[in-house]
Protein chains: 2
Amino acid sequence: MENLFYLVPAASLIALLFAWIFYHKMKQEDEGTPTMRQIAQFVREGAMAYLKQQYKVVIIVFIILAVFFAILAYGFGVQNPWVPFAFLTGGFFSGLAGFIGMKTATFASGRTANACRTSLNGGLKVAFRSGAVMGLTVVGLGLLDIALWWIVLNLCVNEASEAQKLVVITTTMLTFGMGASTQALFARVGGGIYTKAADVGADIVGKVESDLPEDDPRNPATIADNVGDNVGDVAGMGADLYESYCGSILSTMALGASAFYAAGPAMQTKAILAPMLIAAVGVILSVISIFTVRTKEGAGMAQLLKSMSFGTNMAAILSGVASFGILALVFGTGDSNWWHFSLSVLAGLLAGVIIGKATEYYTSHSYRPTQKLAESSATGPATVIISGVGLGMRSTAIPVVTIGAAIVLAFLCATGFDTNIMADGVLSKGLYGVAIAAVGMLSTLGITLATDAYGPIADNAGGNAQMSELDPEVRERTDVLDALGNTTAATGKGFAIGSAALTALALLASYIEEIKIAIGRTAGAVINGVDAATASILDVLAEFNVSLMNPTVLAGVFIGSMMAFLFCGLTMDAVGRAAQKMVVEVRRQFREIKGILTGEGTPDYKRCVEISTKAAQHEMLVPSILAILVPVLVGVILGVPGVLGLLIGGLGAGFVLAVFMSNSGGAWDNAKKYVEEGHLGGKNSESHHATVVGDTVGDPFKDTSGPSLNILIKLMSMVSIVMAGLTVAFHLM
Amino acid sequence: MENLFYLVPAASLIALLFAWIFYHKMKQEDEGTPTMRQIAQFVREGAMAYLKQQYKVVIIVFIILAVFFAILAYGFGVQNPWVPFAFLTGGFFSGLAGFIGMKTATFASGRTANACRTSLNGGLKVAFRSGAVMGLTVVGLGLLDIALWWIVLNLCVNEASEAQKLVVITTTMLTFGMGASTQALFARVGGGIYTKAADVGADIVGKVESDLPEDDPRNPATIADNVGDNVGDVAGMGADLYESYCGSILSTMALGASAFYAAGPAMQTKAILAPMLIAAVGVILSVISIFTVRTKEGAGMAQLLKSMSFGTNMAAILSGVASFGILALVFGTGDSNWWHFSLSVLAGLLAGVIIGKATEYYTSHSYRPTQKLAESSATGPATVIISGVGLGMRSTAIPVVTIGAAIVLAFLCATGFDTNIMADGVLSKGLYGVAIAAVGMLSTLGITLATDAYGPIADNAGGNAQMSELDPEVRERTDVLDALGNTTAATGKGFAIGSAALTALALLASYIEEIKIAIGRTAGAVINGVDAATASILDVLAEFNVSLMNPTVLAGVFIGSMMAFLFCGLTMDAVGRAAQKMVVEVRRQFREIKGILTGEGTPDYKRCVEISTKAAQHEMLVPSILAILVPVLVGVILGVPGVLGLLIGGLGAGFVLAVFMSNSGGAWDNAKKYVEEGHLGGKNSESHHATVVGDTVGDPFKDTSGPSLNILIKLMSMVSIVMAGLTVAFHLM
């Protein structure tokens, strides 16, 4: 059975191979007219220049943290010696996934625009296959990293027993999850601030004040806006989903090792292999499904959507079915209840689908909520904002109830509906079920991310078409692709956000396991009167007086809830400030450079790119560092109960806040599009101006603050896990 | 020592006596010109008409709930027979407090305007003394209700032991807290929707579209707007703070009875009397301090503020000092550690002051945050909204850290810095310390509420002056009073919001106690292997598998966090919808009734009053009923662990969300005022229009959704407590 493991590196290589093939096919496409090439070149250079700047800052942070970890590990012995290296590789691969995705996107958008000059299907093919490069790169690199560390650590780690060794290996691997999360947070926050500063700035001066259309070459912030789509929506999302993907697999592996500790290393190994194999098979299914996405010439939006949905749905259904096969292979021989975990996986998949549908319902202008939001523009921008906030807040109900139900169901399925969590092993087994549900949700990330990443490519293609002054028909085609991307992205978001909640839960359990290991390293090594090696999660909770009524737990819950808001507040502010600078600059150019608005003068695009770059670099530091520092401080001051409170409060409030902000932002965006399609007065009406204000406010909601929260939640957990040794060694309370 | 109890009804009567005296003195003032009388009459009638309508709806809800409780109590025996009656009296008194406050306010505002025709000091005196009527009525009625029920239940309840009897009495009294909370929620939500529908509607058409000043008689929504100030900011706030005041005392009494159960009835009685006595002495100190608030003629804003601050600070400091005396008297004879609880009270008071100062810093335009927010108006309404959301979210950090510290400190002070919560009695004692800290915070409510309630009176006085076309000097004077009210209200809000968090925590503990009692009523009556009567909080938690890692707890946390958002979403939407109707109506009147804008035609004020009334009545039902229903459903489906998760999630996310919404709203309001004072272009500039959009969005944030959250959090706890019997008798998991 252990040979099954080689499926993991194999799947990883297959994914990377197809990513490479798609990339080269895309590169062979024609990039179009000289103007198109030049604009693509501008955007590409701007994006790469920004990414280099971002990596410079991030590398410094990584070096500082790695040195800090090295001191903790080698100087004080409160940490595993592999931690600094695992941390660095996680960060490196996460960044690499974003980088490759972005490089592809910047080459693809011009080519997509050019393909749209001939046909819609041609455009779809280029854009979607390029999105697939990103999807397959993320899962390929993720599995590669996991497989490599698994092999290396298996060879190098020495522990008293095989069972203990497996626990140490898997929790060490969580450190590279922390590296990935740290990189992802910087990418999301930095990229998010960059793109939204440019977008908001461009919208305010361009659309509201000067009545220029989107992506008009007369708008000096246009290039920065298009660069932003790449660094934020592509590179940021790539790093983000790399983190989610690895996080779900790693946390399940760690839980598997500890949940089945008592059952011995054979069972542990099965539980560790299971998530890797589900992911590996998911990768192969994704590759197959990507090939099913195609349309006939002359296909409309509905047919396009159908084609994409067919691909993703097929992958999801096959993945659900396959999970039965995999788990039968892995667990079947020793355990007739193997299918219990498969039911957990199904609960996770189902939850992802429901959340995706709910997101679509609340944010697509094919449904009443967003249409009503658009109608509220009749009474001006204030009611648009009030209604949009109301809509987003209401839209949290279905996802939250779904996730709550999924948690309980995945747990109960895994335990065979045993609710006595106090009984030996029931709690660990149930939590393992929750964790593996998250893996199931993300197993088809290869294709769902392709449908997600293709959106910004189509968006940029539209930008290129507009700036190159191509036939309006081309822009219309890219608009169809872009709109389609918004809808498919909703489903992808459902999976991403749902899996984040489940993974965070698994990480909570891993934190407790890590505390156990940390105590195991100290003298005495007794937890709640039991030998540390055999202590259960409940023993650890009892040892540290972790109770719902413990005031430090409650103080932690408050601080955790607050962290979600504070983080969003800082990122919102950053966008606001940067956008103001952009507006001032664009207004200056309109005033000082003659003939911009008549098309006779050339705007200074570079200045705008610089403003976004500087703002993003400068503003991303504080919120990101806070996310790393606060869990450490809470651990040192309030101890283990405080940290658990922090993580639970952050998870609860953060998840709901993330759904609220993403959905409000999405609905504002689509309400504006609804008006632009000719409803309620159409473009340039009072209603349109009101919805543009809504869209502008929604930009940082949905593309900066909202999506960063998923990473924040997990990063705080990862930091706590990595710092568990320090917390055990020193805490005030 | 038991005779000390009579201080409670005595203090209550003193408060009501002074309220009566202030009321009659106010009534003797002159109401001014015939126009002024007529306008005051309009507003008074509108407000009373609305309140009658609201009470009609609320009475039906109360009857249904009381019948339901009666069935549970008499039919199934899963509840105490006193519950339905206690519930009804709580609702009645809470409503009465709001009613009296509002009646006073509607008589006072015209008279304040008239007094301002002569002098600022005269206006201050009338407005502030009238605010004091409300403050003293709330605390007087609260203490009266508590004293009466304490006497009645002491006479009527029969239990196996005296110790058990005290537990049953105090938890029964929590039911009238639930009545008060239910009434308060309807008052806050209904009143909040009413006032903001009118305000938002009036602002959008009046200020943004027609450039009319605030309270211009040509604006058809003006009367509705002024009525709204009374039903929302006065009646709503009165019911709200009655609920907070009683809630803090009652939860402390209940905790006192259970925390010292093992120590016997003598000690229990002391612990029950302590919060009542702290409150009673606070009432007397408030009355004295109210008389210190006065200014010399020609006093400026700074002096006015100084005078008010002197009164509230004196009351707070004296109350802190007095608590040492009271607790020495109560506990001193048997326990040399009595001063431990006094330190808890001080921790609470200090936290209230810090939160108040932080609120002022973030929302007053004397400080940078709000000034910066105003400056963001240079780039239009979108950046005002983004910056305001950012400001509000950032502003949650200080209050949350303060509350976290206060909880831990109040707990540790009470236990004499014993952190071993697993030891017998330590947990209960510590939680009692947290509860009594909340009582300390609210003990001077008599005067802090006076400084709060006087704001809307001054605001309405300004409205009256404007509509009666008095000398501009009069409006300037009322504006000074109004602005002052905004600042003093910040401190009041700090105390209200801080005490809500602490009270909610105490209610959590009471919930567990009530579960214990409910099991005590069933056959067997064993909890975690211990006799139900002597079981501890920790036994109950263990019996129901309540652990941080229990999936039902975590599902509960998610749902609780979501409830805060869903509730705000529903109320925001309600305001948005109602405001749109108002805008449409006002536009219609401008179009159809000739000569309104030139002052020759009379607008149809009544139509606008009707729209607000209907909208408020119609829209308040769903969110309010949800707040009552969800805890019941969670109890039945997820059981005790689910309910505890729900309450903790709701508390964490709800508290932070409340601070965010209140502070964003307050800052937007003051940013607008800052511009209106002549900064950044002054009135009617582009900046002004942008800040008006911010203010309009902020209206429901700070006056509808935000303040309702405090009540929501506590009401969900109260409902859970009252329904504990049902949950124990029937739960799926």
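Refer to the structure above for everything that follows.
Source: prediction; values computed, not measured.

About the thresholds
Starting from 1, residues in each chain are numbered consecutively following that chain's sequence as written. Labels are handed out in written order, letters beginning with A for the chains and numbers beginning with 1 for the ligands. Per-residue local features of the predicted model are confined to residues with pLDDT of at least 70, and side-chain atom pairs are confined, for both listing and counting, to 80 or more; whole-chain, interface and lining totals are unaffected and use all residues. Only hydrogens and water are set aside; all other atoms, that is, all heavy atoms of the structure, feed into the side-chain values. In this text, helices come from DSSP runs of H or I with a minimum length of four residues, and strands from runs of E with a minimum of two, each type numbered from the N-terminal end. Two things to know: the radius of gyration comes from C-alpha atoms, and the globule rule equals 2.2 Å times the number of residues to the power 0.38. Buried, partly exposed and exposed residues are distinguished by accessible area as a fraction of the type maximum, computed with a 1.4 Å probe on protein chains only: under 20%, between the cut-offs, and over 50%, respectively. Accessible surface area values rest on a Shrake-Rupley calculation with a 1.4 Å probe, where residue burial reflects the displayed protein chains alone. Counted as positive: Lys and Arg. Counted as negative: Asp and Glu. His and the chain ends are not counted at all. Charge positions are represented by NZ for Lys, CZ for Arg, CG for Asp and CD for Glu. Should any heavy atoms of two residues lie within 4.5 Å, those residues are considered in contact. Summed over both partners, buried area is the accessible surface (1.4 Å probe) that two parts give up on being assembled. Between Lys or Arg on one side and Asp or Glu on the other, a salt bridge is scored when a side-chain nitrogen of the former is within 4 Å of a carboxyl oxygen of the latter. A least-squares fit on C-alpha atoms brings the copies together, and the residues used are those whose pLDDT is at least 70 in both copies. Pairing of aromatic rings covers Phe, Tyr and Trp, the last through its six-membered ring, and needs centres within 6.5 Å; plane angles under 30 degrees mean stacked, over 60 mean edge-to-face, and all others mean tilted. For helices, the fitted line uses only the C-alpha atoms of the stretch in contact; every axis is such a line through C-alpha atoms, and the angle between N-to-C directions lies from 0 to 180 degrees. By the definition adopted for this analysis, an angle is roughly parallel if under 35 degrees, roughly antiparallel if over 145, roughly perpendicular if from 65 to 115, and oblique otherwise. Crossings are classed by handedness, with left-handed meaning an anticlockwise turn of the near helix from the far one by less than a right angle and right-handed meaning a clockwise turn. Excluding any residue in a salt bridge, patches collect residues exceeding 30% relative accessible area, merging like charges within 9 Å and nonpolar Val, Leu, Ile, Met, Phe, Trp and Tyr side chains within 5 Å. Here the expected length of a helix is defined as 1.5 Å per residue gap, with one fewer gap than residues. Classification used: nonpolar for Ala, Val, Leu, Ile, Met, Phe, Trp, Tyr, Cys and Pro, charged for Asp, Glu, Lys and Arg, polar for all others including Gly.

Caption draft 1: Structural view of the overall build of chain A. A count of helical and extended segments in chain A gives 21 helices and 2 strands. Here the C-alpha atoms of chain A give a radius of gyration of 25 Å, agreeing with the 27 Å that 2.2 N^0.38 yields for 733 residues. Expressed as a percentage of the 733 residues in chain A, the buried residues total 71%. Here chain A displays about 21,700 Å² of accessible surface, and carbon together with sulfur accounts for 62% of that area. Between the centroid of the 44 positive side chains of chain A and the centroid of its 53 negative side chains there is a distance of 4 Å.

Caption draft 2: Layout of the environment of A:A374. Residues and elements named next belong to chain A. Note on placement: A374 falls in helix 10 (residues 368-375). For A374, a relative accessible area of 0% gives the class buried. Through-space distance from the C-alpha of A374 to that of V728 is 54 Å; in sequence the pair is 354 residues apart.

Caption draft 3: Main features of the interface of chain A and chain B. Across the contact, 86 residues belong to chain A and 86 residues belong to chain B. Summing both partners gives a buried area of about 6,800 Å² for chain A against chain B, and 84% of it is carried by carbon and sulfur. Together, A:L548, A:M549 and A:F558 form the three largest contributors to the area buried by chain A at its contact with chain B, with a combined 13%. Connecting chain A to chain B are 2 salt bridges. Across the pair B:R394 and A:D573 runs a salt bridge whose closest N-O atoms are separated by 2.3 Å.

Caption draft 4: View of the relation of the copies chain A and chain B. With an RMSD of 0.0 Å, the operation that places chain A on chain B is a rotation of 180 degrees combined with a shift of 0.0 Å along the axis. The superposition operator between the copies reduces to a two-fold rotation axis. Every residue of chain A has its C-alpha some distance from the rotation axis, and the shortest such distance is that of A:A653, at 2.6 Å. In this assembly the copies share their binding face: 100% of the residues contributing to the interface of chain A also contribute to that of chain B.

Caption draft 5: Looking closely at unusual backbone geometry. Residue and element names in this part refer to chain B. Phi is positive for E469, close to 55 degrees, though the residue is something other than glycine. Along the chain, the position of E469 falls in the loop between helix 14 (445-467) and helix 15 (472-521). Its identity is not glycine, yet N684 carries a phi of approximately 70 degrees, on the positive side. Position of N684 relative to the elements: it lies in the loop between helix 19 (621-676) and helix 20 (686-722).

Caption draft 6: Looking closely at the packing of aromatic side chains. All names here are of chain B. Counted according to the given criterion, the structure contains 45 aromatic pairs over all chains. Ring plane angle 55 degrees and centroid distance 5.7 Å describe the contact between F22 and F291, whose orientation is recorded as tilted. Here F291 lies in the loop between helix 7 (265-290) and helix 8 (301-331) and F22 lies in helix 1 (residues 7-28), a separation of 269 residues in the sequence. In this structure F22 comes out as buried when scored by relative accessible area, which is 4%. With centroids separated by 6.2 Å and ring planes inclined at 85 degrees, the aromatic side chains of W82 and W149 adopt a geometry described as edge-to-face.

Caption draft 7: Molecular detail of the packing of helix 6 (residues 222-259) of chain A against helix 7 (residues 265-290) of chain A. Residue and element names in this part refer to chain A. Their axes nearest at 6 Å, the elements helix 6 and helix 7 cross at an angle of 160 degrees. For the element pair helix 6 / helix 7, the angle class is roughly antiparallel. With respect to the hand of their crossing, helix 6 and helix 7 are arranged in right-handed fashion. On helix 7, the residues that touch Y245, I249, T252, M253, G256 and A257 of helix 6 are Q268, A271, I272, P275, M276, A279 and V283.

Caption draft 8: Region of interest: the pattern of salt bridges. For the structure on display, the rule yields 51 salt bridges over all chains. Among the ionic pairs, A:K196 bridges to A:D199, the shortest N-O distance being 3.0 Å. In this pair, A:K196 and A:D199 are both assigned in helix 5 (residues 162-210), 3 residues apart and thus about one turn of the helix distant. One exposure class covers both A:K196 and A:D199, and it is buried. Across the pair B:D703 and B:K196 runs a salt bridge whose closest N-O atoms are separated by 3.0 Å. Taken as a pair, B:D703 in helix 20 and B:K196 in helix 5 (residues 162-210) lie far apart in primary sequence, 507 residues in all. Look at B:K196 and you get buried, because its relative accessible area is 2%. Connected through shared salt-bridge partners, A:K196, A:D199, A:D669, A:K673, A:D699, A:K702 and A:D703 make up one network.

Caption draft 9: Summary view of a nonpolar patch on the surface. On the surface, a cluster of nonpolar side chains totalling about 640 Å² of accessible area is made up of A:I625, A:L629, A:L633, A:I637, A:F730, A:L732 and A:M733. Within the element layout of this structure, A:M733 appears in the segment after helix 21 (724-729).

Caption draft 10: The arrangement of helix 20 of chain B in detail. Across its 37 residues, helix 20 of chain B extends 53 Å between first and last C-alpha, which sits within 8% of the 54 Å expected from 1.5 Å per residue. In terms of burial, helix 20 of chain B is a largely internal element, 36 of the 37 residues being buried.

Caption draft 11: Summary view of the packing of helix 4 (residues 120-156) of chain B against helix 14 of chain B. Residue and element names in this part refer to chain B. Running from amino to carboxyl end, helix 4 crosses helix 14 at an angle of 130 degrees, the nearest separation of the two axes being 7 Å. As summarised for this structure, helix 4 and helix 14 are arranged oblique, according to the angle between their axes. As helix 4 runs across helix 14, the sense of the crossing is right-handed. Touching L124, A127, F128, S130, G131, A132, M134, G135, L136, V138 and V139 of helix 4 are L445, G446, L449, A450, T451, A453, Y454 and I457, all from helix 14. Per-class residue counts for the contact of helix 4 with helix 14 are 14 nonpolar, 5 polar and no charged.

In short, geometric facts, not functional conclusions.
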